[in-house]
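One-letter residues, chain by chain:
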Amino acid sequence: MLKSELKLPLYHEDTSILHAGCEENRSYYIPFAPGERENSSRVELLNGKWDFRFYNNPFELEDFTETGYLYKDYDTIPVPGCIQMYGYDRHQYTNINFPFPYDPPHVPLDNPTCVYHRSLPVEQMPKGQKYYLNFEGVDSCFYVYINGTLAGYSQVSHSTSEFDITAYIKPGQNDITVVVLKWCDGSYLEDQDKFRMTGIFRDVYLISRPADHIRDFFVKTQLKDNYTKAEIKVEFEFDGEAVPVVCTLTDASGKVVAEDTVKDSQLFIPVEEPVLWSAEIPYLYTLTIAAPDEVIYQKVGIRSVEVIKDVIHINGVKVKFKGVNRHDSDPVTGYTISREQALKDLKLMKEANINAIRTSHYPNAPWFSGLCSEYGFYVVAESDLEAHGATCYYGGGWETYGDLVQREMFAKAILDRNQRNVIRDKNNASVIVWSMGNEAGYSKAFEDTGRWIKEYDSTRLLHYEGSTSQSGGHTNDTSMLDIYSTMYASIPSIEEYLAANPKPYMLCEFVHAMGNGPGDMEDYFECIYSHERFAGGFVWEWCDHAIYRGITVDGRKVFHYGGDSGEYPHDGNFCVDGMVSPDRIPHPALAEYKNVIRPVRAAVVKKEEFTVELENKLDFTNLKDFLTIEAELLCNGERVAAYALGAVDLPPHGKIIIQLPVEKSILEGQSKNAGITIKLNYIQSIELPFTSKGHKLGFDQLFIKESTIPFVKAGGNGPEATSITVEENASKILVTGADFKYCFDKLHGSFESLVIKNQNIIERPLEFNIWRAPMDNDRNIRSSWEMARYDRAFPRVYETWVSQENCVTAIHCRLAITAIQIQHILDLNVTWFIGEDGTITVEMGGKRNKELPFLPRFGLRFFLPREYDSVQYLGYGPGESYIDKHRAAWFGRFDQKVSDMYVDYIKPQENSSHYGCEELKLSSFTGKGIYITAPAPFSFQAGRYTQEELASKAHNYELEKADGTILCLDYKMSGTGSNSCGPALAEKYQLNEEDISFKVTLQFS
């Protein structure tokens, strides 16, 4: 006998029914009983363990509406939570492609379905009391049953749905049953770049309210008299009859500023000499809204947002957004984010000088914007709307970008999703820009929606990046948009826009922070600071997205990304693209960004006088009220003096020239060849919620005098007969000195062994090296590199000969770096000079084949014994540094362990190179050492993983260390860039030159 099954209404495939039984949208607030301040007796939180059953499709549902139905044999599951984090369904990460057929508004019949149930005890129901059931986030849609009766339906995953269930509940025990579907017609508009998860993932609670109550209110602030006076306007809507309301405004100390009674559903509160809100000074007033039977507390930031002469201003001041894109995301809890988790993000951001957040690509938790108002972040609040998959069906592309949003069936949903975003978050000072969504193309529905937003809320700006693309024959009208925004634009294209168009410009996504990189942050901010209309940008993105899968037997964390759950389609590790790891361990990218957006910038005015120009890059804060400056004098990378410069009186955006108190007597005692730099450290001088006095805000390093260290070549004791003997056959050259014996491989143009004091210090033959383990930011150039066989290159030697002069033995080679089925990559003349003490100088000169793509790197690779575990160097450190990514590093002397010179990216790749080095020494614990110098700065890398190992493994926890230490000495390493999604690596950062000349000396001890 077949089981009785529940037949759901097909609202989830009917674009005309977005919500049923739902209350109208309102701003986010919690009502309190009179006299309450913290814990509201009017709210009953329904989080916790719910009964749960998973079905493969909605047609399998048991009819729980039958009288006497018992929820027996159900599992239990935490609410809030995502079912995939508890073993149901499966994890799936996809970026653009829809994970179901392109068949709007239909979704698969095999549509994973969840039934949630819990009992709701109601002790008594006072006459006239109303009960509202609130769901702050459910993915993707859900049907709500109270005591077996359908009470409502809703969609829009990241928005609040509120149901009046007064008519459905009774005194005593009540059953709340929620049916959640993985897919609905709204899923076509929720194609965000993220793991696709399901369930009741945000808070659920019951609110009891009087029959007549405040339904909604809208707080608007207006500044007057050159921003010295303010007026707060509060507009009210009521449910039932209007009730008397008294509003009291208090300042941050609790002092009453104003008190008045609402008349005709609105109130005007004048504020003399207001303290204005900004991300730097997030001052909040408290508005107490008191009705006879309940009280609402609303934090109010007084501020203005406007475009003046095509430049974005806050409180009449030009501002720059130094922002990031942030998802609600966690490797253990998925979409479910607590305040504590969000505060951890905000703390890390404040520590890194970040001042703005774009809520990509949906409204974050409803209390999140309030946290941003409290702690000081500008928010671009984005609607839950993305339809990127319209570009990917067969025959699709940019010409079909707007296919879904240009269909009339979705017009209502586009407006609804934006209304739910705007109305929910409208009372937060932090929200300064509304975003209509992300990557969905453009249409009349967006134009109509934009007009509604501007009419509803004229106090904020509006942007939508999708408006920059025209498709489907639609001619875009962007007149309602205040900002022109793009993603990943190259700097030349930005300059072109700024020269020809009047609107303020913003990068809603830029410098793709995937893996090792990005390497072009400084370049972008040089452009941002050079143009008033360039308002700034938002790094993609804040954190890596991955699923935590425990730890390996040797203690390494296991994180999975796309494809690791056997899903199709998927986009691999493209979700691992943040400045912090999934568990919020900062990557080098965050340190780089922090110093690029430091609060002060310094430049040398006159080197000989040690005069420096300081520029305050803050928008509202005088430097003297925020930080002090400490200076370090470094000679050849070593600190020889320090100076406490103290506080500098410098207003926002101001510049000042100061003279550093450097004693010339200190410099007179230094070597004439010594390089001289000044490092200015910016130290926070006040206590703030997330950062304390003494917190390091950033630094500048100013080069006063370049070093002129003479390059020492391998040599001997003069014109006497050399003590070196040379033996040669067809394939080898054996060079023997007093304490060394070197065997040179004529077939490969390099040494196969270097025996010093009876120990071979290379465990594999020395190699010419042009390859690196591809970075994520090499994902586009990688195919060209592999087509050119850079990963399989080897030397082809044409001739080798030996000469001896002045007690120096020279091995000369003419060779090419080539590969199977490929023309020459490099043509080189290489000479190895061997001194009487075993010192080796190598000089390489030649030409790169310009028909082939630029090289990842060029240099030598050594395989040393594991005992060489200490590194001392003069160069950019202590973290990894590259030609385009070294603003978090400084030029100095560093002493590190090889085991510490590794960056643990989830997807293994090139890491931990060091740029701009002048001296390098590797030491063993037995006292042996290799000292390396060059006439020009070089890069190096010392580690435990070969580039082949890094390139071959999909996850960091799979890596196997080499037996020894791998040392790469590079003439040059190409930069990192951000081409995993951003523009191609700039030519100035490519190893693209035709003529190459590299000299380096190795001395052994």
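Provided above is the structure to which this section pertains.
Residues numbered from 1 in each chain as written. Predicted model: local features only at pLDDT ≥ 70, side-chain atom pairs only at ≥ 80, totals over all residues. Heavy atoms only, no water.

Caption draft 1: Examining the overall build of the protein chain more closely. Scanning the protein chain for helices and strands turns up 10 helices and 59 strands. On C-alpha atoms alone, the protein chain measures out to a radius of gyration of 33 Å, which is about the 30 Å that the 2.2 N^0.38 rule sets for 1005 residues. Taken over the C-alpha atoms alone, the protein chain extends approximately 115 × 75 × 55 Å along its principal axes. Expressed as a percentage of the 1005 residues in the protein chain, the buried residues total 62%. A sequence separation of at least 24 residues applies to 72% of the contacts in the protein chain between residues at least 6 apart. (Helix = DSSP H or I, 4+ residues; strand = E, 2+ residues; numbered from the N terminus. Rg over C-alpha atoms; globule rule 2.2 N^0.38 Å. Buried < 20%, exposed > 50% of the residue type's maximum accessible area, 1.4 Å probe, protein only. Contact = heavy atoms within 4.5 Å.)

Caption draft 2: Layout of the sheet that holds strand β4 (residues 75-79). Spatially, the 7 strands line up as an open sheet ordered β1-β10-β9-β12-β6-β3-β4, and their pairing is antiparallel. Because the sheet does not close on itself, it has two edges, and the strands there are β1 (19-20) and β4. Pairing of strand β3 (residues 48-55) with strand β6 (residues 113-122), which is carried by 5 bridges, proceeds in the antiparallel orientation. Bridge assignment links Asp51 to a residue of β6, and that residue is His117. (Pairing = 2+ DSSP bridges.)

Caption draft 3: Looking closely at unusual backbone geometry. Looking along the chain, the bond that leaves Pro104 and enters Pro105 is cis, with omega of 5 degrees. One can find Pro105 in the loop between β5 (93-94) and β6. Of the consecutive residues Trp540 and Glu541, the connecting peptide bond is found in the cis state with omega at -5 degrees. At Tyr227, a residue that is not glycine, the phi angle is positive and equals roughly 70 degrees. Along the polypeptide, Tyr227 turns up in the loop between β16 (213-224) and β17 (229-239). Since its relative accessible area comes to 24%, Tyr227 is described here as partly exposed. In this structure, Asn353 is a non-glycine residue whose phi angle is positive, near 70 degrees. Here Asn353 lies in the loop between α1 (339-351) and β27 (356-359). Asn353 gets classed as buried once you look at its relative accessible area, which sits at 14%.

Caption draft 4: Inspection of the environment of Val295 at higher detail. Inspection of the secondary structure puts Val295 in strand β22 (residues 295-300). In the structure, Val295 is positioned 264 residues away from Pro31 in sequence and 5.7 Å away in space, judged by C-alpha atoms. Not counting residues within four places of it along the chain, the set of residues in contact with Val295 comprises Ile30, Pro31, Phe32, Ala33, Pro34, Thr288, Ile289 and Ala290.

Caption draft 5: Looking closely at the packing of aromatic side chains. One pass over the structure, following the stated rule, counts 66 aromatic pairs. On the basis of an interplanar angle of 70 degrees and a centroid distance of 5.1 Å, the ring pair of Phe52 and Tyr116 is categorised as edge-to-face. Taken together, the positions of Phe52 in strand β3 and Tyr116 in strand β6 put the pair 64 residues apart, joining distant regions of the chain. An identical accessibility class is assigned to Phe52 and Tyr116; each is buried. (Phe/Tyr/Trp six-rings, centres within 6.5 Å; stacked < 30°, edge-to-face > 60°.)

Caption draft 6: Layout of the pairing of strand β19 (residues 256-261). Pairing between strand β18 (residues 246-250) and β19: 5 bridges, direction antiparallel. Within β19, the position partnered with Cys247 by the bridge is Asp260. Hairpin connection from β18 to β19: 5 residues lie between these consecutive antiparallel strands, with Gly254 at a positive phi of about 95 degrees.

Caption draft 7: Layout of the nonpolar core. Core analysis: the biggest nonpolar cluster contains 72 residues, and Leu346, Ile354, Trp542, Met579 and Tyr593 have the highest contact counts within it. For this core, the element with the most residues is helix α6 (residues 521-530), which contributes 5 residues. Other than its neighbours up to four places away in sequence, Ile354 contacts Lys322, Gly323, Val324, Met349, Phe377, Trp542, Met579, Leu590, Tyr593 and Ile597. Ranked by size, the runner-up nonpolar core spans 69 residues in total, among them Ile762, Leu815, Ile834 and Met844. (Core = buried A, V, L, I, M, F, W, Y, C linked by side-chain atoms within 4.5 Å.)

Caption draft 8: Molecular detail of the pattern of salt bridges. According to the stated counting rule, one finds 58 salt bridges in the structure shown. With its nearest N and O atoms 2.4 Å apart, the salt bridge here joins Arg209 to Glu294. You can see Arg209 sitting in strand β15 (residues 204-209) and its partner Glu294 sitting in the loop between β21 (285-290) and β22, a full 85 residues away along the chain. Considered together, Arg209 and Glu294 belong to a single accessibility category, that of buried residues. Among the ionic pairs, Asp328 bridges to Arg326, the shortest N-O distance being 2.7 Å. Each member of the pair, Asp328 as well as Arg326, carries the same accessibility label: buried. Here the salt bridges do not stand alone but share partners, grouping Arg202, Arg326, Asp328, Asp345 and Arg584 into one network. (Salt bridge = Lys/Arg side-chain N within 4 Å of Asp/Glu carboxyl O.)

Caption draft 9: Molecular detail of the environment of Leu18. For Leu18, the position within the fold is in the segment before β1. With 928 residues separating them in the primary sequence, Leu18 and Thr946 have C-alpha atoms 55 Å apart. Non-local contacts of Leu18, meaning those with residues more than four positions away in its chain, are made with Tyr153, Ser154, Gln155, Asp185, Lys412, Ala413 and Asp416.

Caption draft 10: Just a nonpolar patch on the surface, in detail. On the surface, a cluster of nonpolar side chains totalling about 280 Å² of accessible area is made up of Val332, Tyr548 and Ile551. Structurally, the position occupied by Tyr548 is in strand β34 (residues 547-551). (Patch = residues over 30% accessible without salt bridge, like charges linked within 9 Å, V, L, I, M, F, W, Y side chains within 5 Å. Areas by Shrake-Rupley, 256 points an atom, 1.4 Å probe, with all protein chains shown as cover.)

Caption draft 11: Seen up close, the sheet that holds strand β46 (residues 750-756). Pairing is antiparallel across the open sheet formed by 5 strands, whose spatial order is β43-β44-β45-β46-β47. Both outer strands of the open sheet, β43 (725-728) and β47 (759-760), are each paired with one neighbouring strand and no more. In terms of strand pairing, strand β44 (residues 732-736) meets strand β45 (residues 740-745) through 5 bridges, oriented antiparallel. Residue pairing for β45: Lys732 is matched across the bridge by Asp745.

Caption draft 12: Here's a closer look at the pairing of strand β33 (residues 534-539). In terms of burial, β33 is largely enclosed, as 6 of its 6 residues are buried. As defined by bridge partners, strand β26 (residues 321-326) adjoins β33 across 4 bridges and the pair is classed as parallel. Across the sheet, Gly323 pairs through a bridge with Phe538, a residue of β33. Between strand β32 (residues 505-510) and its parallel partner β33, the chain crosses via α6, and the hand of that crossover is right-handed. (Right-handed = clockwise from strand over helix to strand, strands pointing away.)

Caption draft 13: Summary view of the side chain of His914. Relative to the elements of secondary structure, His914 occurs in strand β56 (residues 914-924). Of the residues examined, His914 reaches a relative accessible area of 2% and is grouped as buried. A distance of 3.0 Å separates a polar atom in the side chain of His914 from the backbone oxygen of Tyr876. A polar contact is formed between the side chain of His914 and the backbone oxygen of Gly879, at a distance of 3.3 Å. Filtering out sequence-adjacent residues up to four positions away, His914 remains in contact with Tyr873, Tyr876, Gly877, Pro878, Gly879, Glu880, Ser881, Gln896, Met901, Phe938, Ser939 and Phe940. (Polar contact = N/O pair within 3.5 Å; in protein donor to acceptor, adjacent residues only side chain to side chain.)

Caption draft 14: Structural view of the side chain of Ser208. Checked against the element boundaries, Ser208 lands in strand β15. With sequence-adjacent residues up to four places away left out, Ser208 is seen in contact with Arg42, Gln129, Lys130 and Tyr131.

Caption draft 15: Expanded view of helix α3 (residues 411-425). Under the 1.5 Å per step criterion, the end-to-end length of α3 is 22 Å for 15 residues, consistent within 8% with the ideal 21 Å. Most of α3 is tucked away, with 12 of its 15 residues classed as buried. Within the span of α3, buried status applies to Ala413, Ile414, Asp416, Arg417, Asn418, Gln419, Arg420, Asn421, Val422, Ile423, Arg424 and Asp425. (Expected span 1.5 Å × (residues − 1).)

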